[in-house]
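Chain residues, written in single-letter form:
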Amino acid sequence: MVIVSPYNPAWPALFAAARTEILTAAGGRLTEIEHIGSTSVPGLAAKPIIDIAALAPDLDAVPPELFDGLGYRAEDFGAPGRLLFVRRDGDVRTHHLHIFPPGNWTHNKERVMAAHLRKYPEEARRYGELKQRLAASGMTGDAYTRAKTALIQELSDAARAERGLPPAPVWEE
C-alpha cells in the first residue's frame, strides 16, 4: 500500500539534518547536495521519504559502504549512471540518497521537476491531488508509479521547455 501524507513542515529540517550527516560521512566526495522530490515542495502531499540529490565528481570514489554508519544501504535499482542509497526505519523507507556524476547534474530530471513544482504551486497541487487519489484507490508499487506517468511527463516537459531543453522520457527503462 502506498502512503501519501499531507505536507509536513518538518521535512526541510529532516533534509537539513541528513545533509549535514551525509556531507560529513562523504569526506569531500560530494560537492553539492540538495533536497529534491515531493518532500522538497512546500504544500505538496508526498510519500514521507526525504529524497536527496548529491553531486559526486567521481562515482567510483563513493564505495557502497560509505554511508552504512548513517543507516543508508546501497541499492541497485536499474538506473545507470547514478548511485542510490536507501535509509530505513525497520521496513519503512525514510530517505533516498541519489548520487549523480557531473554529466547528469545540471539538467537532472529530478532536480528540474522539483524546482518546477516549487515555482508553480498550482502544478504542485494538481500533482498532489493525483497522488492522493491513487493512494486512496489502493494502488501499490509499480501501478501507482505508472499511473502518475502522464502528469509527470506533462510537468517534466513544461519544466524542460522553460529551460530551453527538449522533452525527455521521465522513466528510465
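Note that the structure is a prediction, hence the values are computed from the model and not measured.

Q: Give a description of the pairing of strand 2 (residues 50–55) that names residues and reports values.
A: For strand 2, the tally of buried residues reaches six of six residues, placing the bulk of the element in the interior. Covered by surrounding structure in strand 2 are I50, I52 and A54 together with D51, A53 and L55, the residues of both alternating faces. Of the pairings in the sheet, the one linking strand 2 to strand 5 (residues 92–100) comprises six bridges and is parallel in character. Pairing of I50 across the sheet is with H95, part of strand 5.

Q: Break down the packing of aromatic side chains for me, citing the residues and quoting the values.
A: In total, this model carries four aromatic pairs according to the counting rule given. With a centroid separation of 5.4 Å and an interplanar angle of 90 degrees, the aromatic rings of Y7 and W11 are classed as edge-to-face. Judged by centre distance (6.3 Å) and plane angle (55 degrees), the rings of F100 and W105 are tilted. This pair shows no difference in class: F100 is buried, exactly as W105 is. Joined through ring pairs, the aromatic side chains of F67, Y72 and F85 make up one cluster. In this arrangement the basic side chain of R111 is found over the ring face of W105, its NZ or CZ atom lying 4.1 Å from the centre.

Q: So what's going on with the packing of helix 2 (residues 109–119) against helix 5 (residues 149–162)? Which residues, and what values?
A: Direction vectors running N to C along helix 2 and helix 5 enclose 90 degrees, while the axes themselves pass 9 Å from each other. Regarding the angle of helix 2 to helix 5, the classification is roughly perpendicular. Note on element contacts: helix 5 touches helix 2 through I152, L155, S156, A158, A159, R160 and E162, opposite V112, M113, H116, L117 and K119. Classifying every residue of the contact of helix 2 with helix 5 by side-chain character gives seven nonpolar, two polar and three charged.

Each value, and the rule that gives it
Residues numbered from 1 in each chain as written. Predicted model: local features only at pLDDT ≥ 70, side-chain atom pairs only at ≥ 80, totals over all residues. Heavy atoms only, no water. Buried < 20%, exposed > 50% of the residue type's maximum accessible area, 1.4 Å probe, protein only. Helix = DSSP H or I, 4+ residues; strand = E, 2+ residues; numbered from the N terminus. Pairing = 2+ DSSP bridges. Phe/Tyr/Trp six-rings, centres within 6.5 Å; stacked < 30°, edge-to-face > 60°. Lys NZ or Arg CZ within 6 Å of the ring centre and 35° of its normal. Axes fitted to C-alpha atoms, helices over the stretch in contact; angles between N-to-C directions. Parallel < 35°, antiparallel > 145°, perpendicular 65-115°, else oblique. Contact = heavy atoms within 4.5 Å. Nonpolar A, V, L, I, M, F, W, Y, C, P; charged D, E, K, R; others polar.

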